[in-house]
Structures are given as C-alpha cells and as structure tokens.
Amino acid sequence: AQDGIRDAQESRGLGDVYKRQLDHNSSVGAPIDERLSFENFVVGPSNELAYAAARRITESRNVSFNPLFLYGGVGLGKTHLLHAMALEINKNWPERKVLYLSAEKFMYQFIKALRFKDTMAFKQQFRSVDVLMIDDIQFIAGKDSTQEEFFHTFNTLVDHNHQVIISADRSPVDLDGIEERIRSRLGWGLVADIHPSDYELRSVSYTHLTLPTILLV
C-alpha cells in the first residue's frame, strides 16, 4: 500500500513539474534566432510571395488568410521566414503570445502529456496562443494520435481568429501520410511555394548573415 501511495505521489509530482514547464513558452517552443530577421532575408522571384505574406502577417492583426502555409525544399528560407515573423510580431505586439516549434517537438510534447496523463495542460498551452508556428509538419505523417491533436488545435485557433503558420517540404495535397481532413485545412488560407533560386541568389542566401541584403529581379 505504501508503495502505491509513493507511486501516486511521484506521478503527481511529475505532473506538477510538467505543468510548470508548460507555464513558459520557452520550455515548449524553440528559441527564436535574432539573426534570422526580415532584414537578413534575401528576396527574389523565387520567394517574393512567401515574403510578402509573411510581412503582411506582421503588419496587421487581421489578415485575410489563415493559415499561412509555406513549402519548399531544404535551405530555401522557410524556417528563416518563421523566425523573422516571430521576431517582428514580438516587437510590434509584445503582449501577443507567439509559439514556434518543430512538428517533431509538437509530437514529443504531446507524447509527454499523454505519459503524464496531463493532456489538458497541453491543450491549454497550445490553444491559448495568439500565433502558432509549426515547422516541417511532414514529420507527423503516420502519427495518428498526434495528427488528431493537431487537427483539434488547428480548428480551435482558426475558429478564434488566431493565426496559424505552417511549413513543410511539399504542398498540402502532396503530404503523404497526413489525413485528408488536415491536408484540406492546411490549404484553406494562403499556400506559398518557395522555389529553388538561381545560382546568384542561392549563393547570397548561404551567406546572408554576413552580406547585405540583395534584391534580384
């Protein structure tokens, strides 16, 4: 009996620790890199739609598209734009809660909540933000429970006019292993493709942290 009491106390203790962690976005989300600003982003024909949409979100609380879905190959600037938006929103509206993380970390946090039997704290954390940014959503492909939770989180945020921003390596319709209802919702707003750039723009992009921003047209 004493062992059972100790086990229960330990479980409650772990749950309390998890709740305290959820009180801070930094323990759930990923850190924002101040170097990945709009000023350091190289704009060209291959990414100008994505850039304009990202800028629009940081200039107005109410935009006509939700979610914003950015897709393209590795190293083309999707993550850079997510960081730039987070930085700009935090600067323009410090009171807004912005949460940025990878899809892999979203899944990890959900699994941890299931383990500690504290999914309500998880739901409250993710559904109370003003802006949710999830990078590389393709990583939850085939993860049914995580997709179910993402689906309801997405719906809650959009229904309350809270901005959702998603990135992936392919368009919503091409996300194999992702439920059709999720793919449909990811295409509700604005879908912006970031194409592979030409050699000159790509070369500058690789060194954008040390070179001045160049606009190629």
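For the structure, check the block above.
Parameters at a glance
- Residues numbered from 1 in each chain as written.
- Predicted model: local features only at pLDDT ≥ 70, side-chain atom pairs only at ≥ 80, totals over all residues.
- Heavy atoms only, no water.
- Helix = DSSP H or I, 4+ residues; strand = E, 2+ residues; numbered from the N terminus.
- Buried < 20%, exposed > 50% of the residue type's maximum accessible area, 1.4 Å probe, protein only.
- Contact = heavy atoms within 4.5 Å.
- Polar contact = N/O pair within 3.5 Å; in protein donor to acceptor, adjacent residues only side chain to side chain.
- Core = buried A, V, L, I, M, F, W, Y, C linked by side-chain atoms within 4.5 Å.

Got a minute to help me understand the environment of Ser-167 in this structure?
By secondary structure assignment, the location of Ser-167 is in strand 4 (residues 163-168). Overall, the relative accessible area of 0% leaves Ser-167 in the buried class. Separated by 34 residues in the primary sequence, Ser-167 and Met-133 have C-alpha atoms spaced 8.2 Å apart. Among all residues touching Ser-167, those that are not within four sequence positions of it are Leu-70, Lys-78, Leu-82, Ile-134, Asp-135, Asp-136, Ile-137 and Gln-138. In this structure the side chain of Ser-167 is engaged in a polar contact, spanning 2.2 Å, whose partner is the side chain of Asp-135.

How should the nonpolar core be read in this particular structure?
The nonpolar side chains of soluble globular proteins are, as a tendency, buried together. If you look at the biggest cluster of nonpolar residues, it comprises 28 residues, and the most contacted ones within it are Ile-134, Ile-137 and Phe-150. Those elements that provide at least two residues to this core are strand 1 (68-72), strand 2 (98-102), helix 5 (103-115), helix 6 (119-127), strand 3 (131-135), helix 7 (144-159), strand 4 and helix 8 (180-186). A total of five residues in this core trace back to one element, the largest contributor, which is helix 7. Leave out the neighbours within four places in its chain, and Phe-150 touches Phe-106, Ile-134, Ile-137, Ile-140, Ile-166, Ile-182 and Leu-186. Phe-38, Met-85, Val-98 and Ile-165 belong to the second-largest nonpolar core, a separate cluster that totals 27 residues.

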